[in-house]
Structure formats: structure tokens, C-alpha cells
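Close look at the chain arrangement
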Amino acid sequence: MSGFVVSVTRFRVRSLRFLPFFLIHAQRCLAQIRRSDGYIAGALRHDRDRAYWTMSVWRDEAALLAYVTGGAHRNAMPKMSEWGDEASTVRWVQDSADLPSWPAAIERMRREGRPVPLRHPGPGHAGVGFAASEPAQMVRI
């Protein structure tokens, strides 16, 4: 199947004490994604409940996997399992290189998302049963 790959992630920081460390790694990952071959478009969302979302569109699965398994993203992933109490991901292929809307991405996460392994999962983690939250900030990258 051909098309553009959309990746959506959600990560909730389990305690404010981890937030500065998370934000440092997030900035490094942001710098990496902007340099990544095959990256087309993206957006970030920060919710009031300490949940952080990413949405990105990629040329193909190989380009996305190269980003995920390399550089700053690879270095950050082991730390995320300690710092989060909810984490999930979903990806799909679409014909357009356009970013989906946030409501569409959130609905897709609820319907098809899968939890990411964590050391300290919260009660809604396993079923991707995160509570609705208001966005504090949304930006395109």
C-alpha cells in the first residue's frame, strides 16, 4: 500500500518533577525531526493535564522508522518509560500529505491506539482510556 504515513503519539508526564527533563529531550527530538529525511509536516499539542501530543506526516514508513530508531528520539525513549503514566501511539497511511485535524487524530488514537510500555502506568493507560483535556498550546512544526 502506498501513501503518506501519519504518526500520532500521546505522552503524559506523571509528575511535575520530571517535566524539565522531559522538555529538554522533547526539544532535542524536535530538532531531530526537522532535519529528518522524509519528514513532511507536524504539529505539537500540550494539554492542561500534562499530556503532550505529536502528530507528523512522513513520506513512508522507512523514513518514520529511521527517525524513531535514531538520534535524540532513540536516546529519549528509555527515559520516557520512567517519566510517564500514560503513553500511546497510532499510525496510519493516507493519500494526502496534509496533517489531520486534532479532533480526528484524537479519535483515531482512542479507536486504534496502542499503549507504549511504562514502568509506572496509570489506571487509563492499558486501554488508552485517557480523559478528555483542554489544549494549553498547539503549534505546527
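Heads up: the structure comes first, above all this text.
**What about the overall build of the protein chain?**
In terms of helices and strands, the protein chain carries four helices and six strands. Secondary structure elements of the protein chain, listed N to C terminal, follow the sequence β-α-β-β-α-α-β-α-β-β. In terms of overall dimensions, the protein chain is globule-like: its C-alpha atoms have a radius of gyration of 14 Å, near the 14 Å expected for 141 residues. Taking the principal axes of the C-alpha coordinates as reference, the protein chain spans close to 40 × 30 × 25 Å. A total of 141 residues make up the protein chain; the buried ones form 45% of that total. Contacts in the protein chain between residues far apart in sequence, at least 24 positions, make up 77% of those at least 6 positions apart.

**Quick word on the side chain of D47**
Tracing the sequence through the fold places D47 in strand β2 (residues 39-47). Polar contacts involving the side chain of D47 include one to the side chain of R45, which spans 2.6 Å. What D47 contacts, discounting residues up to four positions off in sequence, is W53, S133, E134, P135 and A136.

**Section: the packing of helix α1 (residues 19-35) against helix α3 (residues 71-83)**
Orientation of α1 relative to α3, taken along the N-to-C sense of each, is 155 degrees, at an axis distance of 9 Å. When the interaxial angle is binned, α1 and α3 end up roughly antiparallel. Note that α1 runs across α3; the crossing there is left-handed. Of the residues in α3, those in contact with F21, F22, H25, R28, C29 and Q32 of α1 are G71, A72, H73, A76, K79, M80 and W83.

**Some points on empty space enclosed by the protein**
All chains considered together, the criterion is met by one cavity of 30 Å³ or more. In this structure, the largest cavity occupies an estimated 40 Å³ of space. Lining the largest cavity are R10, E86, A87, S88, G124, H125, V128, G129 and F130. With three residues, strand β4 (residues 84-94) is the largest single contributor of residues to the lining of the largest cavity. Residue classes in the lining of the largest cavity are distributed as three nonpolar, four polar and two charged.

**Considering the nonpolar core**
In this structure, F11, V13, F22, I33, W58, M80 and W83 are the most contacted members of the largest nonpolar core, which totals 21 residues. Of all the elements, α1 adds the most residues to this core, at five residues. Residue contacts for M80: discarding those within four places in its chain leaves F11, F22, H25 and L118. In this structure, V57, W92, I106 and V128 belong to the second largest nonpolar core, which totals 17 residues.

**Considerations on unusual backbone geometry**
Peptide bonds are, in most cases, trans, and in most cases residues other than glycine have a negative phi. The backbone of R50 sits at a positive phi, close to 70 degrees, despite the residue not being glycine. Its place among the elements puts R50 in the loop between β2 and β3 (51-58). The partly exposed category is assigned to R50, whose relative accessible area is 22%. Positive phi values are uncommon outside glycine, yet V128 reaches one of about 50 degrees. Mapped onto the elements of the fold, V128 is located in the loop between β5 (114-115) and β6 (135-140).

Each value, and the rule that gives it
Residues numbered from 1 in each chain as written. Predicted model: local features only at pLDDT ≥ 70, side-chain atom pairs only at ≥ 80, totals over all residues. Heavy atoms only, no water. Helix = DSSP H or I, 4+ residues; strand = E, 2+ residues; numbered from the N terminus. Rg over C-alpha atoms; globule rule 2.2 N^0.38 Å. Buried < 20%, exposed > 50% of the residue type's maximum accessible area, 1.4 Å probe, protein only. Contact = heavy atoms within 4.5 Å. Polar contact = N/O pair within 3.5 Å; in protein donor to acceptor, adjacent residues only side chain to side chain. Axes fitted to C-alpha atoms, helices over the stretch in contact; angles between N-to-C directions. Parallel < 35°, antiparallel > 145°, perpendicular 65-115°, else oblique. Left-handed = near helix turned anticlockwise from the far one by under 90°. 1 Å grid on protein atoms, 1.4 Å probe; cavity = no way out; pocket = protein on both sides within 12 Å on 5 of 7 lines; lining within 4 Å. Points joined across faces, edges and corners; volume = space filled by probe spheres on them. Nonpolar A, V, L, I, M, F, W, Y, C, P; charged D, E, K, R; others polar. Core = buried A, V, L, I, M, F, W, Y, C linked by side-chain atoms within 4.5 Å.

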